[in-house]
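Structural features, examined
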Amino acid sequence: MSEERSLNFIEELIEADLKSGKCKSLVTRFPPEPNGYLHIGHAKAICLNFGLTKKYGGYTNLRFDDTNPVTEKTEYVNSQQEDIKWLGFEWKNELYASDYFDQLHGYAVKLIEKGLAYVDHSSAEDIATQKGTPTVAGVANEYRNRTVAENLALFAQMKKGDFEDGTCILRAKIDLSSPNMLMRDPIIYRIKHAAHHRTGTTWCIYPMYDFAHGQSDSIENITHSICTLEYVSHRELYDWFIEKLEIFPSKQYEFARLNLSYTVMSKRKLMQLVNENLVSGWDDPRMPTISGLRRRGYTPASIRAFCEKIGIAKRENLIELGLLEFCVREDLNKTATRVMAVLDPIKLVITNYSQQSEILIGENNPEAEDKGGHREIPFGKELWIEREDFMEEPAKKWFRLAPGATVRLKHAYIVQCNDFVKDENGNVTEVHCTYIPESKSGNDTSGLMVKGTIHWVSVAHAKTAEVRIYENLFTQELPDAAEGDFKDYLNPNSMQVIKNAYIEPYLTGANQDTRYQFIRKGYFCLDKDSNAEKFIFNRTVSLKEAWKPKA
RNA sequence: UGUCCGAUAGUAUAAGGGUAGUACGACAGUUUUUGGUACUGUUUGUCUUGGUUCGAAUCCAGGUCGGACAACCA
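In every chain, residue numbers begin from 1 and rise along the written sequence. Working convention: letters from A go to chains and numbers from 1 go to ligands, in the order in which they are written. Reporting of local features is limited, given that this is a predicted model, to residues whose pLDDT is at least 70; pairs of side-chain atoms are given and counted only at 80 or more, and all residues count toward the totals for whole chains, interfaces and linings. Hydrogens and water molecules were not included; the side-chain quantities draw on all heavy atoms of the structure.

Numbering of helices and strands runs from the N terminus; a helix is a DSSP stretch of H or I covering at least four residues, while a strand is a stretch of E covering at least two. Helix and strand content of chain A: 12 helices and 25 strands. Two things to know: the radius of gyration comes from C-alpha atoms, and the globule rule equals 2.2 Å times the number of residues to the power 0.38. Its C-alpha atoms give chain A a radius of gyration of 31 Å, clearly above 24 Å, the size a compact globule of 551 residues would have. A principal-axis box enclosing the C-alpha atoms of chain A has dimensions of 100 × 55 × 45 Å. Within chain A, the proportion of its 551 residues that are buried is 52%. Working rule for contacts: check all heavy atoms of both residues, and any pair within 4.5 Å makes them a contact. For chain A, the share of sequence-separated contacts (at least 6 apart) that also reach a separation of at least 24 residues comes to 71%. Accessible surface computed for chain A: about 25600 Å², of which carbon and sulfur atoms make up 48%. Only four residue types enter the charge count: Lys and Arg as positive, Asp and Glu as negative, with His and the chain ends excluded. By convention, charge coordinates are those of NZ in Lys, CZ in Arg, CG in Asp, or CD in Glu. Taking the average place of the 69 positive charges on the side chains of chain A and the average place of its 78 negative ones, the gap between the two points comes to 3 Å. Throughout this description, buried means an accessible area under 20% of the type-specific maximum (1.4 Å probe, protein chains only), exposed means over 50%, and partly exposed covers the range between. Surface exposure here means Shrake-Rupley accessible area, sampled with a 1.4 Å probe, where a residue is shielded only by the protein chains that are shown.

This part covers the protein's contact with RNA strand B. Here a residue counts as near a molecule or strand whenever at least one of its heavy atoms sits within 4 Å of it. Surrounding RNA strand B, one finds 58 residues, the nearest of these being Glu12, Tyr231, Arg338, Ser441 and Gln517. Sugar plus phosphate: this is where 57% of the atoms of RNA strand B within 4 Å of the protein reside. For this analysis, a polar contact is any N or O atom pair within 3.5 Å, provided that within protein one partner can donate a hydrogen and the other can accept it, and provided that sequence-adjacent residues contribute only side-chain to side-chain pairs. The contact in question runs from a base oxygen of RNA strand B to an N or O atom on the backbone of His411, over 3.2 Å. Those elements giving two or more residues to the surface near RNA strand B turn out to be β6 (187-191) and α12 (321-335).

On a range of 0 to 100, pLDDT expresses the predictor's confidence in each residue. Mean pLDDT over chain A: 96, with 99% of residues reaching 70 or higher. Across the whole predicted complex the pTM is 0.96, and at the interface the ipTM reaches 0.97.

Attention now goes to the pattern of salt bridges. Any Lys or Arg side-chain nitrogen found within 4 Å of a carboxyl oxygen on Asp or Glu counts as a salt bridge. For the coordinates displayed, the defined rule picks out 37 salt bridges. Ionic pairing is found between Arg63 and Glu220, a salt bridge with its closest N-O pair at 3.2 Å. With Arg63 in strand β2 (residues 59-64) and Glu220 in the loop between α7 (209-219) and β8 (224-228), this residue pair connects regions lying 157 residues apart in the sequence. For the pair shown, Arg63 and Glu220 are each scored as buried. Where Lys244 meets Glu243, a salt bridge forms, and the shortest distance between an N and an O atom there is 3.6 Å. Look at Lys244 and you get partly exposed, because its relative accessible area is 23%.

Shown next as structure tokens:
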């Protein structure tokens, strides 16, 4: 919380503005368009905007940028609100650009009256060609010289619904030869006979982004309107409207958006994955959406920590997915309840164990002050252990089971391997061991030292669960930049489903609010598809793997 | 061919005319009943060429490279 860190460039600007009195208190906004689910890139913007007012005082509005009725839905409004709250932020006012449709319309009329806007009846293609190119100036058409009265009447007709979609549009009259294409008489109102998620059919003309965003900021007295780099060239227009309309001068500042390796970060592409059923939905645990990360088991704190670590700058960047994983591990390590589960079982038989079974005690979290409390773990003559924890011919520096080798069974006894059984295909099916009764966890008097400790689940007491192991959704670091379609690079192994994993009985009481560490395997959480008969666990992230057998 | 933005270890981000630092990664070691965690150490960097200056990552000029901009999307 109180971590010392140097200021990023936006914080420096704000501190200067606060100090000089240029602004008395800070007002920011987070302005999503409700046309999709929020993703980790939005989380960066959310943490920035809300974090700034948390740090410097003032407040942040949530404003939905809902000026295009054909792509926007209430479903998205709701999910976006849920995600922001889940991340741990509170907005001061819940607002909508559509709240300002009347006011925005008035601004358009004002511009027309000032001779700074006109109704253009050209086709979309004509307007595009008349705009020229970045190196060739645009040319004016016959509509540019319509009189104020004519424009006023025509705009009123547009509003009344006298025209079909696409018949004409309202353009600002700025500069057709500007080197900034956005200043070449940008379109500010278009006709769309479409129902809006909030205003219904009240309107059939809707303002464009550039004519809505800055003015909405201004109406709300936003002092620092923070957006991503692709809006840099919009700033000139943003300032132009505010100046000509003579309204509160909000200022726009741009930072570099987040790019994450092995994922895509555009709502359009994420929607494609959803619509083409390449994932199970917006909240598929492989998705970089907030809802996907939530279902995957990421915590709000881990995502906030990640956004803090990546920093804010103007340089294009590609963050390694490993940093996000580091952040969850760091958080989960402190809080996750340790349990044992065997994902790829073979049987271990303790040949000299004469009891039926016994109850052992295990601590729930070695990182917690009180060890996270303790739980009972049933132990018996036959145990499930991980196939990968036995090697018939041990590699160099192998600390686990092998003929003649000794290991500690976590929370239990030291065992020595004496024998093993193979099936007709040559696969090991059973490992036979003898245990050392004096080596019991907690009161080991054996004096034996072993290098390896492995996890296990008692065969007689094991419950089963489905376990879903996730890997990167894409095989390319930059799926967008790679040749061809980004979907060509979907990882076919991004989800591995283990139908019958064995879990210790304690996990029968698992709930969705608790994060678990399956000892030596990773962090897991209960999936929402679980029910009383079927447990489903999602692997949030593996443990850091420090040991690899050398060839 | 135009305008705008940017360039510091593998990645990200500091240093704002005065010792190039931090985090992640990688590598090595210590501790450990998780080959986890924790701790210690090592490693690698100022795009380029000039200029200003006692002194430049920082200021200036030219170049190079990367990105953005010509939707009735946001």
